[in-house]
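The lines below spell out each chain.
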Amino acid sequence: MAARIGFVGLGIMGQPMAQNLVEAGHELVLYNRTREKAEELANEGGAEVADSPKEVAEKSDVIITMLPDSPQVEEVVAGEGGLFEGIKEGTLLVDMSTISPMVTEELAAEAKERGASMLDAPVSGGQPGAEEGTLSIMVGGSEEDFERAKPLFDVMGSAATHVGPTGAGQVVKACNQIVVALTIEAVSEALVLGSKAGVKPEKVVEALSGSLAGSAVMEAKKEKFFDRDFDPGFRIELHHKDLGIALATGREYGVSLPVTAIVDQMLEALKAKGRGDRDHSAILTQIEDLAQHEVGKGS
Ligand code: NAP
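As a starting point, this report considers the structure included with it. Quick caveat: nothing in here was measured; it's all calculated off a predicted structure. Each residue is numbered by its place in its chain's sequence as written, counting from 1. Only residues with pLDDT of 70 or above have their local features reported here, since the model is predicted, and side-chain atom pairs are shown and tallied only from 80 upward, although totals for entire chains, interfaces and linings are computed over all residues. To obtain the side-chain values, all non-hydrogen atoms of the structure were included, while hydrogens and water were left out.

### Observations concerning the environment of T166
- Within the secondary structure, T166 is located in the loop between β9 (157–164) and α9 (168–196).
- Only protein chains enter the accessibility calculation, which uses a 1.4 Å probe. A residue is then buried if its area is under 20% of the maximum for its type, exposed if over 50%, and partly exposed in between. On the accessibility criterion, T166 (28% relative accessible area) is partly exposed.
- In this structure the C-alpha to C-alpha distance between T166 and A130, which are 36 residues apart in sequence, comes to 23 Å.
- It only takes one pair of heavy atoms within 4.5 Å for two residues to be counted as in contact. In this view, T166 contacts T104, E105, A108, M118, D120, G140 and G141; residues no more than four positions away in its chain are not counted. The helix and strand labels rest on DSSP assignments: H or I over at least four residues marks a helix, E over at least two residues marks a strand, and numbering proceeds from the N terminus.

### Brief notes about the site of the ligand
- Here a residue counts as near a molecule or strand whenever at least one of its heavy atoms sits within 4 Å of it. Of all residues adjacent to the ligand, which total 25 residues, the nearest are N32, T34, K37, P68 and K241.
- N or O atoms closer than or at 3.5 Å make up a polar contact, with two conditions inside protein: a donor-capable atom paired with an acceptor-capable one, and, for residues adjacent in sequence, both atoms drawn from side chains. In this structure, I12 approaches the ligand through a main-chain N or O atom, which is 2.9 Å from an oxygen atom.
- Between the ligand and K241 there is a distance of 2.8 Å, counted from an oxygen atom to a side-chain nitrogen or oxygen.
- Throughout, the Shrake-Rupley method with a 1.4 Å probe supplies accessible areas, and for residues the shown protein chains are the sole cover considered. Notes on the ligand: free accessible area 910 Å², of which the protein chains cover 89%.
- Listing elements by their share of the shell around the ligand, those giving two or more residues are α4 (70–78), α7 (126–132) and α12 (236–253).

### With respect to helix α10 (residues 201–209)
- Turning to α10, its buried residues number three or more, namely P201, V204 and V205. Seen from one end, α10 has its buried residues packed into an arc of 95°, which puts them on one side. Projecting away from the buried face of α10 at angles above 90 degrees are the exposed residues E206 and A207.
- Packed against the buried residues of α10 are α9 and α11 (216–227). What the arc covers is the set of directions going from the helix axis to the C-beta atoms.

### A word on the environment of I287
- Structurally, I287 is set in helix α14 (residues 283–291).
- Put simply, I287 and I236 are 51 residues apart on the chain and 14 Å apart in space, counted from C-alpha to C-alpha.

### Quick notes on the nonpolar core
- One finds F7, L30, V94, M96 and F153 to be the most contacted residues of the largest nonpolar core, which totals 33 residues.
- The element contributing the most residues to this core is helix α8 (residues 143–156), with five residues.
- If sequence neighbours within four positions are ignored, M96 has contacts with M17, I64, T65, M66, A121, P122, V123, I137, F153 and M156.
- Core analysis: the second largest hydrophobic core is formed by 27 residues, V192, M218, L270 and L284 among them. Here, nonpolar core means buried Ala, Val, Leu, Ile, Met, Phe, Trp, Tyr and Cys residues that are tied together by side-chain atoms lying within 4.5 Å of each other.

Everything listed here is a matter of geometry and, on its own, says nothing about what the molecule does.
As C-alpha cells, then:
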C-alpha cells in the first residue's frame, strides 16, 4: 500500500505545498486549525480531513508540518491531541516550518523515544516557490530519512539539500535569513543615500547589478523598491521571528552576530510602527525614516 502523507498547517505556504502533493498522486490526511481550508483542499479529491493532529498521526506514515514558529510546532507535535499521541513506530515526521534548531533537537529526541524519526526541512522561495513546486529545501537529519522523504521534496521543491544532522536544516535556514535581511538593509541604505544625493534608484540598481555589489536579493526586490509596493511576499513579522531564531542560536553557540542584532531591532521598530504585515522590502522605509527622505520613483 502506498504511504499516506499527513499534512498539518495549510497557510500561505502549506496550502500550495499540500496541493502539489495531491496533484502528484499522493494520498493526504489533512489537519488545519481553521478546518474550512482543509475541507476546501479535500473537496478537490485525493485528501481527507482529520479532526486533530493525533488523528493525522494515526492515519499517516509520513507527516509534514508547516506552521509559523516553535511554540505552534511544539503544540501540534507534543501538545494535547498532538501528533505524538497518535504517532506509529517507523513514522517519519518532516517539519518544514522555520523554527529554533534547539526546539527541533528536543522534538527529534522525543520522536526517537517513540520509535519514530524526524527531519527538519525549512524552505526558501516564498509563496511563488511553494505554488510552482520550486522551493529550496534545507534538510537536517539522517541520510536514510532524507532519502525516504526525497520523492516528496522533489514534488514541493527543485533543490533539496541534506546539510547535516538534526537541527542543521534550521541552522542553515537561519544563515539564509541573516544574509537576506542584511542584504535588503544594505540595498536600502544605498538607495536612500543615492536618492537623497540626487541619483535615481533605478540608476543605482543598474550600476550595482554589474558590480560586485549585485545580488539575487537586490534583483528579486528591486521592483518592490521602485514601486514602493510593500504588499507581502514575506512579512516583516516573520523575518523578525527568523532573526530572533538566528540570535538565539548565536547565543547558544557563543557566536556574536552584531549586524544581525541591529537589523533585528529595525524590524522591531517597523512592527511598532504598524508595518509588521508589510513585505520585508519595507526595511527601506526604516532607513527613509532615519534620513527623513522618501525614495521616489525616478528620484
Ligand atoms: P501562515 O500563512 O501564517 O500559515 C500558518 C499555518 O499554521 C496556518 O495553517 C495556521 O492555521 C496554522 N497555525 C497557526 N497557529 C497554529 C496553532 N497554534 N495550531 C495549529 N495550527 C496553527 O504562515 P506561512 O507563510 O505559511 O509560513 C509557514 C512557515 O514557513 C513559517 O515558519 C515561515 O517562517 C516559513 N516560510 C514562509 C515563507 C513565506 O514567504 N510566507 C517563506 C519561507 C518560509 P490557520 O489557517 O487556522 O491560521
